[in-house]
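# Results of the structural survey
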Amino acid sequence: MTRRAQDNTKALDAFLAAKFEIDAMLERLATLSADHFETSPDEIHWGHVGTLNHYRAKLREITDSAFKEGEHAI
């Protein structure tokens with residue numbers, strides 16, 4: 001019995017769509033960061049710190065998973 005080569009076109013399309021979406025999100029975040037998250041030094045308050053810490057925690061989850069670090073370390 002011979003096996004047919006598996007057609008992964010749909011999986012590849014879905015993978016690339018997700019990758020392009022991630023790339024767009026990263027580009028938007030980099031732009032927002034370059035603009036100091038649309039704040040000026042005179043406007044900074046603890047709410048801004050909390051927001052950035054929230055963003056950082058979410059990004060840490062992603063990078064830890066992607067690079068097998070933190071709680072995802074092997």
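The text that follows walks through the structure, step by step, so that each part is easy to find.

Parameters and conventions
Starting from 1, residues in each chain are numbered consecutively following that chain's sequence as written. Given that the model is predicted, a residue must reach a pLDDT of at least 70 before its local features are reported, and side-chain atom pairs must reach 80 or more before they are shown or counted; all residues, however, enter totals for whole chains, interfaces and linings. Where side-chain values are given, they derive from all heavy atoms of the structure, hydrogens and water being excluded. Secondary structure elements follow DSSP: runs of H or I no shorter than four residues count as helices, runs of E no shorter than two count as strands, and numbering proceeds from the N terminus. Each residue is placed in one exposure class: buried if its accessible area under a 1.4 Å probe, protein chains only, is under 20% of its type's maximum, exposed if it is over 50%, and partly exposed if it falls in between. Whether two residues are in contact is decided by their heavy atoms, any of which lying within 4.5 Å being enough. Only the six-membered ring of Trp is used, alongside the rings of Phe and Tyr, when aromatic pairs are assigned; centres must lie within 6.5 Å, and planes under 30 degrees apart are stacked while those over 60 apart are edge-to-face, with the rest tilted. Patches draw on residues past 30% relative accessible area with no salt bridge. Two like charges within 9 Å are joined, as are two nonpolar side chains (Val, Leu, Ile, Met, Phe, Trp, Tyr) within 5 Å. Per-residue and other accessible areas were derived by the Shrake-Rupley procedure at a 1.4 Å probe size, with only the shown protein chains allowed to occlude residues. Any carboxyl oxygen of Asp or Glu within 4 Å of a side-chain nitrogen of Lys or Arg constitutes a salt bridge here. One less than the number of residues in a helix, times 1.5 Å, gives the span that helix is expected to have.

Okay, the side chain of Thr-39 next. Secondary-structure assignment places Thr-39 in the loop between α1 (9-34) and α2 (46-67). On the accessibility criterion, Thr-39 (19% relative accessible area) is buried. In this structure, Thr-39 is in contact with Ile-44 and His-48, ignoring residues within four places of it in sequence.

Residues other than glycine seldom take positive phi values, yet Glu-38 does so here, at roughly 55 degrees. Looking at where Glu-38 falls in the secondary structure, it is placed in the loop between α1 and α2. Using a relative accessible area of 60% as the deciding quantity, one classes Glu-38 as exposed. The backbone phi angle of Lys-68 is positive, close to 55 degrees, even though this residue is not glycine.

The full count for this structure, using the stated rule, is one aromatic pair. With 6.1 Å between their ring centres and 40 degrees between their planes, Phe-37 and Tyr-55 make a pair best called tilted. Of the two residues, Phe-37 sits in the loop between α1 and α2 while Tyr-55 sits in helix α2, which places them 18 residues apart along the sequence.

Inspection of the secondary structure assignment puts His-54 in helix α2. Distance in space between the C-alpha atoms of His-54 and Arg-28 is 17 Å, their sequence separation being 26 residues.

With respect to the secondary-structure elements, Asp-64 resides in helix α2. With near-sequence residues (within four places) excluded, Asp-64 lies in contact with Glu-69, Gly-70, Glu-71 and His-72.

Here we come to the environment of His-36. Here His-36 lies in the loop between α1 and α2. Given a relative accessible area of 57%, His-36 falls into the exposed group. Note: C-alpha distance between His-36 and Leu-12 (24 residues apart in sequence) is 36 Å.

So, on to a nonpolar patch on the surface. On the surface, Ile-22, Met-25, Leu-26, Leu-29, Leu-59 and Ile-62 cluster together into a nonpolar patch covering about 530 Å² of accessible area. Its location among the elements puts Leu-59 in helix α2.

Glancing now at α1. Given a rise of 1.5 Å per residue, 26 residues ought to cover 38 Å, and the 37 Å separating the end C-alpha atoms of α1 matches this to within 8%. Remark: His-36 follows α1 within two positions and exhibits a positive phi of approximately 55 degrees.

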